[in-house]
Amino acid sequence: MQNAYPHFPTRNVQLLDGIWDFAFLGKDGDPREVNIDSIEFRERAPVPGCFDTLPLYAGVRGTAAYRTRLTTPVGKAGRLVFYGLGMWTRIFVDGCLIAETAMPYSKIDVDVPPAETSERTLILLCDNRFDKDRVPLQEQFFDFYAYGGIFRSVEWQDLPACRIERAEVTVVDPAAGSVRVAVRLSGAVPKQIDLSVRFDSAPVQEFCAQTVLENTVELALQVPNPQMWSPQHPHLHILHICSADDAISERFGLRTITTTEHAVCINGSPLKLLGYCRHEAHPQYGPALPLQQLVADLEYLRDLGCNFIRGSHYPQDPRFLDLCDEMGFVVFEESLGWGQKPAHFTNPIFKEAQVRQTEAMVRKSFNHPCVCFWGFLNEGASNTPESRDIYARLASCIRALDSSRLVTYATMHPFDDMNLDLVDVVSANTYPGWYASNRETVAPVDEVIPRLEAIAASLQERGLAGKPLLITEIGAGAIYGWRDPLQAHWSEEYQARFLEHVCCEVKYNDTIAGVALWQFCDCRTYASAMALGRPRGFNNKGTLDEYRRPKLAYEAVRNIFQEGENPASR
Ligand code: ADA
């Protein structure tokens with residue numbers, strides 16, 4: 001069984017998901033000191049799964065050990081693919097440490113040397129404690145709960161000597177079906193290679209003795225019977241490439257993404273982006289969401305009339321992106337970040353980690369037509385001079401890997417941001433009518449239109465008017481079931497009235513390219529006194545609650561987003 005794209009049809013791929021052996025090793029010890037031979041695995045735990053959502057370890061921070069056994073061919077190298085791990089992980093195969101990683105939510109490949117026996121043991125030490133040096137990307141002050149464990153699937157692949165790692169497809173002319181393909185190779189890579197190429201079920205084309213430069217073969221190809229991808233018609237093509245040793249199937253879409261002064265265009269046509277920010281979160285699973293939940297969330301989003309999802313605030317599950325490709329959603333994918341300050345921007349460990357994760361995200365999602373925006377550093381202190389270096393580095397490392405998508409980041413400083421010259425689209429987070437600028441205002445909803453107008457005017461004054469303005473967060477909290485005739489803050493009525501007002505303004509204001517409302521569903525957040533502004537310990541600005549029960553605002557948003565032409569309803 002193959003997980004998300006790309007697929008490797010000739011490799012022996014084993015999905016390692018299931019019930020693993022488990023032990024919780026304590027809250028205090030140093031995970032680097034653990035002797036893995038002495039661990040007594042007395043419990044069982046699901047993979048994927050967050051151990052700290054299980055009743056026994058709910059809310060606990062410390063080191064957990066997971067173990068499984070697998071059978072691999074004797075003498076053959078292989079690869080473990082982790083589609084998304086928790087905060088900090090050490091990975092052992094047959095008792096040897098083979099990797100240590102602190103890139104929460106990132107897809108990680110770990111190559112494993114051959115062994116003389118076929119029975120092998122995989123142990124993961126997963127630590128979910130905050131530690132700025134060890135896990136520079138995730139901190140306690142973030143407004144979403146940091147879970148521990150194995151968030152997404154784990155896979156084993158037997159590896160051939162010369163492997164086809166990826167075939168990255170860049171669209172040159174979508175209507176004509178012309179594409180450039182970079183075939184990335186690794187392992188025992190020859191100077192020249194024979195490749196056979198097939199699109200969908202079209203005849204195979206042979207490309208003999210292709211020159212390999214820097215482990216890459218560049219091909220200019222023509223897709224037979226090209227059909228474009230768009231939210232209305234999310235047509236997908238599959239590219240199969242084979243060499244003597246290996247084969248890969250990559251799925252992609254033929255589309256371009258460009259901008260005009262006020263709009264984002266797909267295949268040259270402006271598309272008003274209407275949607276939500278979404279956390280991968282559920283009270284029972286944390287971010288280890290079952291497929292059923294991914295599909296259910298997308299069905300709700302489609303029913304709401306959305307065509308746009310901001311994957312806040314980390315690299316997205318590849319299975320979710322596969323579904324977005326298929327259902328025609330436009331996605332804003334960003335690396336992990338939340339409110340970082342100058343102290344972060346001047347810390348080389350933080351900067352390196354940020355660049356590494358952002359590059360890994362771009363490589364992972366390169367062929368998803370749904371992904372149209374690359375983002376980073378949500379709500380960082382981008383109004384400080386210290387921010388310049390890392391913002392510029394991230395924008396340029398993204399463009400060096402992929403020049404076909406829009407680069408942006410969600411700013412909470414639309415009036416004095418210092419880095420907006422770097423982006424293709426200005427993405428502003430703003431909370432008029434919720435975190436009201438004047439706490440005595442009786443009708444805080446009235447702050448919405450003046451604030452949006454002031455942001456647009458300020459961009460104009462600063463010579464940024466040529467870049468489309470996207471509202472990447474705006475919202476109001478409501479406690480599910482809390483009804484109040486006075487429509488006070490936290491009531492479902494206030495949220496419904498607020499979102500109705502916002503949606504009308506954004507949908508019909510031609511100077512705004514779109515909106516990602518904050519947020520799709522409630523999600524668990526601070527466990528400390530920082531939860532004082534977060535009743536129940538949840539961020540309650542969801543239009544659905546954490547169990548996906550729609551609040552009053554659901555109908556209000558749906559009525560407006562669905563009005564007139566609705567790109568997501570087919
Ligand atoms: C910020 C942040 C979100 C969330 C939101 C809120 O904009 O990016 O993650 O914390 O504020 O609810 O206040």
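Refer to the structure presented above.
Reading the values: rules and limits
Residues numbered from 1 in each chain as written. Predicted model: local features only at pLDDT ≥ 70, side-chain atom pairs only at ≥ 80, totals over all residues. Heavy atoms only, no water. Helix = DSSP H or I, 4+ residues; strand = E, 2+ residues; numbered from the N terminus. Rg over C-alpha atoms; globule rule 2.2 N^0.38 Å. Buried < 20%, exposed > 50% of the residue type's maximum accessible area, 1.4 Å probe, protein only. Contact = heavy atoms within 4.5 Å. Areas by Shrake-Rupley, 256 points an atom, 1.4 Å probe, with all protein chains shown as cover. Pairing = 2+ DSSP bridges. Salt bridge = Lys/Arg side-chain N within 4 Å of Asp/Glu carboxyl O. Axes fitted to C-alpha atoms, helices over the stretch in contact; angles between N-to-C directions. Near = heavy atom within 4 Å. Polar contact = N/O pair within 3.5 Å; in protein donor to acceptor, adjacent residues only side chain to side chain. Nonpolar A, V, L, I, M, F, W, Y, C, P; charged D, E, K, R; others polar. 1 Å grid on protein atoms, 1.4 Å probe; cavity = no way out; pocket = protein on both sides within 12 Å on 5 of 7 lines; lining within 4 Å. Points joined across faces, edges and corners; volume = space filled by probe spheres on them. Core = buried A, V, L, I, M, F, W, Y, C linked by side-chain atoms within 4.5 Å. Phe/Tyr/Trp six-rings, centres within 6.5 Å; stacked < 30°, edge-to-face > 60°. Lys NZ or Arg CZ within 6 Å of the ring centre and 35° of its normal.

**Focus on the overall build of the protein**
Turning to step 1, where the next piece is worked out: On a plain count of helices and strands, the protein comes out with 8 helices and 33 strands.
Turning to step 2, where the next piece is worked out: Compactness check: the protein gives a C-alpha radius of gyration of 24 Å against a globular reference of 25 Å for 570 residues, within 12% of the reference.
Turning to step 3, where the next piece is worked out: Within the protein, buried positions represent 62% of all 570 residues.
Turning to step 4, where the next piece is worked out: Restricting the contact set of the protein to residue pairs at least 6 apart, pairs at least 24 apart contribute 72%.
Turning to step 5, where the next piece is worked out: For the protein, the accessible surface area stands at approximately 21500 Å², while carbon and sulfur atoms represent 52% of it.

**Some thoughts on the side chain of Thr 170**
Turning to step 1, where the next piece is worked out: Within the secondary structure, Thr 170 sits in strand E13 (residues 162-173).
Turning to step 2, where the next piece is worked out: The exposure class assigned to Thr 170 is buried, which follows from its relative accessible area of 16%.
Turning to step 3, where the next piece is worked out: Beyond its immediate stretch of four places on either side in the chain, Thr 170 contacts Val 179, Arg 180 and Phe 366.

**Some words on the pairing of strand E18 (residues 237-242)**
Turning to step 1, where the next piece is worked out: Taken together, the 4 bridges between strand E15 (residues 192-199) and E18 define a ladder with antiparallel strand orientation. The residue bridging Ser 196 from the neighbouring strand is Cys 242, located in E18.
Turning to step 2, where the next piece is worked out: Relative to strand E19 (residues 247-252), E18 is paired through 6 bridges, and the arrangement is antiparallel. The residue of E19 that forms the bridge with Ile 238 is Arg 251.

**Considering the sheet that holds strand E20 (residues 257-259)**
Turning to step 1, where the next piece is worked out: Read from one edge to the other, the open sheet built from 3 strands follows the order E20-E21-E22, with strand pairing classed as antiparallel. The open sheet terminates on both sides in strands that have one partner only, identified here as E20 and strand E22 (269-270).
Turning to step 2, where the next piece is worked out: Both E20 and strand E21 (residues 264-266) contribute to a ladder of 3 bridges, which runs antiparallel. Bridging from a neighbouring strand, Thr 259 pairs with Val 264 of E21.

**What about the pattern of salt bridges?**
Turning to step 1, where the next piece is worked out: Using the criterion set out here, one finds 37 salt bridges in the structure.
Turning to step 2, where the next piece is worked out: Note that Asp 545 is salt-bridged to Arg 549, the shortest N-O span being 2.7 Å.

**Let's talk about the sheet that holds strand E17 (residues 216-222)**
Turning to step 1, where the next piece is worked out: Ordered in space as E13-E14-E17, the 3 strands form an open sheet in which the pairing is antiparallel. Strands at the two margins of the open sheet, each flanked by one partner only, are E13 and E17. Averaged over neighbouring strand pairs, the angle between their axes works out to 20° when direction is ignored.
Turning to step 2, where the next piece is worked out: Both E13 and strand E14 (residues 178-187) contribute to a ladder of 10 bridges, which runs antiparallel. Each bridged residue has a counterpart across the sheet, and for Ala 167 the counterpart in E14 is Val 183.

**Details of the site of the ligand**
Turning to step 1, where the next piece is worked out: Around the ligand, the structure places 13 residues, and the nearest of them are Asp 143, Glu 379, Tyr 435, Glu 473 and Lys 541.
Turning to step 2, where the next piece is worked out: Separating an oxygen atom of the ligand from a side-chain N or O atom of Arg 534 is a distance of 3.2 Å.
Turning to step 3, where the next piece is worked out: Asn 539 places a side-chain nitrogen or oxygen 2.8 Å from an oxygen atom of the ligand.
Turning to step 4, where the next piece is worked out: Among the residues forming the shell around the ligand, the class breakdown is 4 nonpolar, 4 polar and 5 charged.

**Things to note about the layout of surface pockets**
Turning to step 1, where the next piece is worked out: If you add up the space inside the largest pocket, you get close to 530 Å³.
Turning to step 2, where the next piece is worked out: Together, 19 residues line the largest pocket, and Lys 107, Asp 109, Ala 360, Arg 363 and Lys 364 are the ones closest to its centre.
Turning to step 3, where the next piece is worked out: If you list the elements that add at least two residues to the lining of the largest pocket, you get strand E6 (78-82), strand E9 (108-112), strand E12 (154-158), E13 and helix H4 (348-365).
Turning to step 4, where the next piece is worked out: Across the lining of the largest pocket, the residue classes break down as 7 nonpolar, 1 polar and 11 charged.

**Considerations on the nonpolar core**
Turning to step 1, where the next piece is worked out: Core analysis: the biggest nonpolar cluster contains 90 residues, and Leu 298, Phe 373, Phe 376, Ile 474, Phe 498 and Leu 517 have the highest contact counts within it.
Turning to step 2, where the next piece is worked out: When residues in this core are grouped by element, the largest group, 7 residues, is from helix H7 (residues 492-508).
Turning to step 3, where the next piece is worked out: When residues no more than four places from it in sequence are discounted, the contact partners of Leu 298 are Ile 309, Phe 320, Leu 323, Cys 324, Met 327 and Phe 329.
Turning to step 4, where the next piece is worked out: In this structure, Phe 22, Phe 82, Val 112 and Tyr 314 belong to the second largest nonpolar core, which totals 42 residues.

**Some thoughts on the packing of aromatic side chains**
Turning to step 1, where the next piece is worked out: The full count for this structure, using the stated rule, is 27 aromatic pairs.
Turning to step 2, where the next piece is worked out: Each ring, one from Tyr 105 and one from Tyr 314, has its centre 3.7 Å from the other, and the planes form 5°; the classification is stacked. With a gap of 209 residues between them, Tyr 105 in the loop between strand E8 (96-101) and E9 and Tyr 314 in the loop between strand E24 (308-311) and helix H2 (318-327) connect regions that are remote in the sequence.
Turning to step 3, where the next piece is worked out: Residue class for Tyr 105 comes out buried when judged on its relative accessible area of 2%.
Turning to step 4, where the next piece is worked out: Taken together, Tyr 105, Phe 141, Phe 142, Phe 144, Phe 151, Tyr 314 and Trp 338 form an aromatic cluster joined through their ring pairs.
Turning to step 5, where the next piece is worked out: The ring of Trp 88 carries Arg 134 above its face, with NZ or CZ at 4.2 Å from the centroid.
Turning to step 6, where the next piece is worked out: In this structure, Arg 536 packs its charged tip against the face of Phe 538, placed 4.5 Å from the ring centre.

**What about the pairing of E19?**
Turning to step 1, where the next piece is worked out: Extensive coverage of E19 is indicated by the burial of 6 of its 6 residues.
Turning to step 2, where the next piece is worked out: Of the two faces of E19, both are covered, the one formed by Ala 247, Ser 249 and Arg 251 as well as the one formed by Ile 248, Glu 250 and Phe 252.
Turning to step 3, where the next piece is worked out: Connecting E18 to the next strand, E19, in antiparallel fashion are 4 residues.

Keep in mind that these numbers describe shape and distance, not what the molecule does.
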